[in-house]
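Here are the chains, one letter per residue:
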Amino acid sequence: MNTEKITTKHSSHCVNIANSKPESLRKIATSFTAVRVYDGGHIGVAGQIGKTDTSHLQKCAEEALARKIPYPCAFTTDRKKKNKVASIIEPQKLIETANALTERIRAQMPEFTFSGKAETDTVEKAYCNSVGSELEYAGNNFKISLSFKEKTSQSIHDFFYGFHSLTYDETAIADDCTMLGNAYTNKIAPPAEKLPLALDSGLLFRFLIRDLIAETYFSNAGKFAGRLGSKLFSDKLTVTVDRGADENAALPFFDAEGTLDSGFEIIETGTLKGLFTNKRSAVAFNRPLSASAACEQFDSVPSYGAEGLCVKPNADSLSLLADRFIYVAVTSGGDIAPNGTVGLPVQLAFLVENGHIVGRLPELKITANIFDLLGGAYLGTAKNSLFRSPCGLLDLFDAVAKV
């Protein structure tokens, strides 16, 4: 019988912002422990919140073997520690920091009210097994999410701003919000011509995650059935599982099964190269591990996740790819058909010229095929966003949108 243990500790300090001012401070500290045992090709799992009696969990997991849940035991002896905890904002200064930030935004944007959260998060995770593997990770980040409303608006919210990062820059955040506010109030007419379209990197991939799971693929289901190893997308497109990227500041370098991140490639220069696997599907279908196993519940059998999914940038900024384009700021809903046709309603879009957001466009709808979007229409992914703060990567697609 073999055993593995996974422990997770999460702590956060969160300032709630309401009516444009800090309202309250919430402190949260949680911990989870899970023990898995493997015997005779089966798995037993038991978990506990808070203070843990490991011997009791071991006994419960052994009893759970009676459920006869099939799962292979594929252990490694990796040993690695990584501490990415950075000095961002001291918890005792978070209220003071939020006060200064909100005061500055109020002064720069008197025609708006806003609400949201400013938060510091710390994650610690450890994995060990009975054959000697020991993995430890600690990381943290700063998160901010703000929703803005014009004081004269009848809407609940008008636009949003947010990001997570290892750094905090009050001036950059306030200036980004002001830029968005100025662009929002500047309503402009729809362009006569079709323009390239900029979307948050990974937005389209939420429609494809299920099709990229090994069990889906080898069941001959999904949009990629029988096409592994085929050239499906643009030469410019490379997608990896990169758990060590800087933007993944609180993401461990190992997954829920202790598999280490190795820069696993899902798409390499347009060719479908890999599938999401856990240890069960890797053995069943003779596929490499993708370091993307996840547990929806901390004490559940490992399943699949897309943590660390990363589109490789091929430009420093979108302005190097196009002088004029439409930036999709808010899209909610949408769906994809079995043939890959995507429909996305866009609630908020801006016109961008020479790298600057200049004005708000009417609502629009995106209708295109995913293979066209990520194929001939794909112009590239920018390393730097349109904002001074690190608000994530943006993908650019050619001539697929008309307001």
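What you are looking at is a predicted structure, and each value in this text was computed from that prediction instead of being measured.

(A) Quick peek at the packing of aromatic side chains. Per the counting criterion, the structure on display carries 22 aromatic pairs. An angle of 55 degrees between the planes, with centres 6.3 Å apart, marks the rings of Tyr 38 and Tyr 71 as tilted. Taken as a pair, Tyr 38 in strand β2 (residues 21-39) and Tyr 71 in the loop between β4 (69-70) and β5 (79-84) lie far apart in primary sequence, 33 residues in all. Taken as a pair, Tyr 38 and Tyr 71 share a single burial class, namely buried. Ring centres of Tyr 161 and Phe 163 lie 6.0 Å apart, and the angle between their planes is 75 degrees; on these two criteria the pair is classed as edge-to-face. By relative accessible area, which is 4% here, Tyr 161 ends up buried. The exposure class of Phe 163 is buried, given its relative accessible area of 9%. Three or more aromatic residues joined by ring pairs form one cluster here, namely Phe 142, Tyr 161, Phe 163, Tyr 168, Tyr 327, Phe 350 and Phe 387. Of note, Lys 80 hangs over the ring of Phe 253, and the distance from its end group to the ring centre comes to 4.9 Å.

(B) Spotlight on the environment of Gly 376. Structurally, the position occupied by Gly 376 is in the loop between α6 (370-373) and β21 (378-382). Taking relative accessible area as the criterion, Gly 376 reaches 77% and is therefore assigned exposed.

(C) Geometry of the nonpolar core. Ranked by internal contacts, the top residues of the largest apolar core, which has 44 residues, are Phe 224, Leu 237 and Leu 374. Those elements that place two or more of their residues in this core are β9 (195-200), α4 (214-217), β10 (239-241), β11 (264-268), β16 (324-331), β18 (341-353), β20 (364-369) and α6. The element contributing the most residues to this core is β18, with five residues. Excluding anything up to four places from it in sequence, Leu 374 contacts Leu 204, Phe 205, Leu 208, Phe 233, Ser 234, Leu 237 and Phe 397. In terms of nonpolar packing, the next biggest core, distinct from the first, is built from 40 residues, Phe 112, Phe 148, Tyr 184 and Ala 382 among them.

(D) Structural context of the confidence of the model for the chain. For the chain, mean pLDDT is 91; residues scoring 70 or higher make up 97% of the total. Confidence scores differ between elements of the chain, with strand β22 (residues 394-401) showing the lowest mean pLDDT of 66 and strand β12 (residues 271-272) the highest of 98.

(E) Summary view of the side chain of Arg 243. Along the polypeptide, Arg 243 turns up in the loop between β10 and β11. A distance of 2.9 Å separates a polar side-chain atom of Arg 243 from the backbone oxygen of Pro 252. Within the local environment of Arg 243, its side chain forms a polar contact with the side chain of Glu 307, the two groups lying 3.3 Å apart.

Cut-offs and rules
Residues numbered from 1 in each chain as written. Predicted model: local features only at pLDDT ≥ 70, side-chain atom pairs only at ≥ 80, totals over all residues. Heavy atoms only, no water. Phe/Tyr/Trp six-rings, centres within 6.5 Å; stacked < 30°, edge-to-face > 60°. Helix = DSSP H or I, 4+ residues; strand = E, 2+ residues; numbered from the N terminus. Buried < 20%, exposed > 50% of the residue type's maximum accessible area, 1.4 Å probe, protein only. Lys NZ or Arg CZ within 6 Å of the ring centre and 35° of its normal. Core = buried A, V, L, I, M, F, W, Y, C linked by side-chain atoms within 4.5 Å. Contact = heavy atoms within 4.5 Å. pLDDT = per-residue confidence, 0-100. Polar contact = N/O pair within 3.5 Å; in protein donor to acceptor, adjacent residues only side chain to side chain.

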